[in-house]
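The primary structure of each chain is shown beneath.
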Amino acid sequence: GLGDVVAQVVPHFVFDDKDSPPASAPADDSEGDDVVEKSVPTTSSGSSAEFTYDFPRTARAAIFGFAIHAPLSHVHYNFLERLTIKAGLQGLSIPVFKTVMEQFVYWSWFSNSLYHGTMGAMQGWTAQQCYDRIADVLWETQKAQWVFWIPV
């Protein structure tokens, strides 16, 4: 959805070619339509010639958010709320506990892996390509998420 719009547009206008993020597909995938090089055509010198928005990528992200992530998040947040009540937490300990559980213990690892795997599956990637994608990008995704969400 909106996050994918930002992910596609901002790097094109903010990063120089030498600073751009790496391609988002496994190295052995020549069929995926989610590869940065296919979304941002380049000239022979390697500089960006034009920006081409990848609408199918945004559709996949919206489907994932609506049909998979939102229902699972609802269950997750209800579970997390029950944990805080069961633990008898009060005051400032509640958001600290929820942040640690969500960001470091289980939820972000699971949801980010699910996102990258599902995006690959919706592109027709094999299970091994999806696994390789998760292995390649999960740590960087986690660090970027922590930089953004923990201060929020």
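Please refer to the structure placed before this passage.
First, a word on what this report is: a plain description of the structure on this page.

Criteria and cut-off values
Residues numbered from 1 in each chain as written. Predicted model: local features only at pLDDT ≥ 70, side-chain atom pairs only at ≥ 80, totals over all residues. Heavy atoms only, no water. Helix = DSSP H or I, 4+ residues; strand = E, 2+ residues; numbered from the N terminus. Buried < 20%, exposed > 50% of the residue type's maximum accessible area, 1.4 Å probe, protein only. Areas by Shrake-Rupley, 256 points an atom, 1.4 Å probe, with all protein chains shown as cover. Salt bridge = Lys/Arg side-chain N within 4 Å of Asp/Glu carboxyl O. Contact = heavy atoms within 4.5 Å. Phe/Tyr/Trp six-rings, centres within 6.5 Å; stacked < 30°, edge-to-face > 60°.

## Structural notes on the overall build of the protein
Of regular secondary structure, the protein possesses 6 helices and 0 strands. Helices (α) and strands (β) of the protein occur, in sequence order from the N terminus, as α-α-α-α-α-α. Put simply, the protein has 152 residues, and 30% of those count as buried. Summed over all atoms, the accessible surface of the protein reaches about 9600 Å², with 67% contributed by carbon and sulfur.

## Observations regarding the pattern of salt bridges
The final tally for this structure, using the stated rule, is 3 salt bridges. As a salt-bridge pair, glutamate 81 and lysine 98 come within 2.5 Å of each other at their nearest N and O atoms. With glutamate 81 in helix α3 (residues 55-86) and lysine 98 in helix α4 (residues 93-105), the pair connects residues that are 17 residues apart, well separated along the chain. According to the relative accessible area criterion, glutamate 81 is partly exposed, its value standing at 35%. The class for lysine 98 is partly exposed, based on a relative accessible area of 24%. Lysine 143 is the partner of glutamate 140 in a salt bridge, and the nearest nitrogen-oxygen pair spans 3.1 Å. Of this pair, glutamate 140 and lysine 143 both sit in helix α6 (residues 127-149), 3 residues apart, roughly one helical turn.

## Observations concerning the environment of tryptophan 139
Note that tryptophan 139 resides in helix α6. The exposure class assigned to tryptophan 139 is partly exposed, which follows from its relative accessible area of 45%. In this view, tryptophan 139 contacts Trp109 and Trp146; residues no more than four positions away in its chain are not counted.

## Things to note about the packing of aromatic side chains
The geometry of two aromatic rings is summed up by the distance between their centres and the angle between their planes. This structure, assessed with the given rule, holds 10 aromatic pairs. Both rings, one in phenylalanine 64 and one in tyrosine 115, keep their centres 5.2 Å apart while their planes meet at 80°; by these two values the pair is edge-to-face. Within this pair, whereas phenylalanine 64 is found in helix α3, its partner tyrosine 115 is found in helix α5 (residues 107-122), the two being separated by 51 residues in sequence. Taking the relative accessible area as the measure of exposure, phenylalanine 64 reaches 4% and is therefore buried. When the ring of phenylalanine 79 is compared with that of tyrosine 106, the centres are 6.3 Å apart and the planes differ by 80°; the resulting orientation is edge-to-face. Here phenylalanine 79 is found in helix α3, whereas its partner tyrosine 106 is found in the loop between α4 and α5, with 27 residues between them in sequence. What links up through ring pairs into an aromatic cluster is the set Phe104, Trp109, Trp139 and Trp146.

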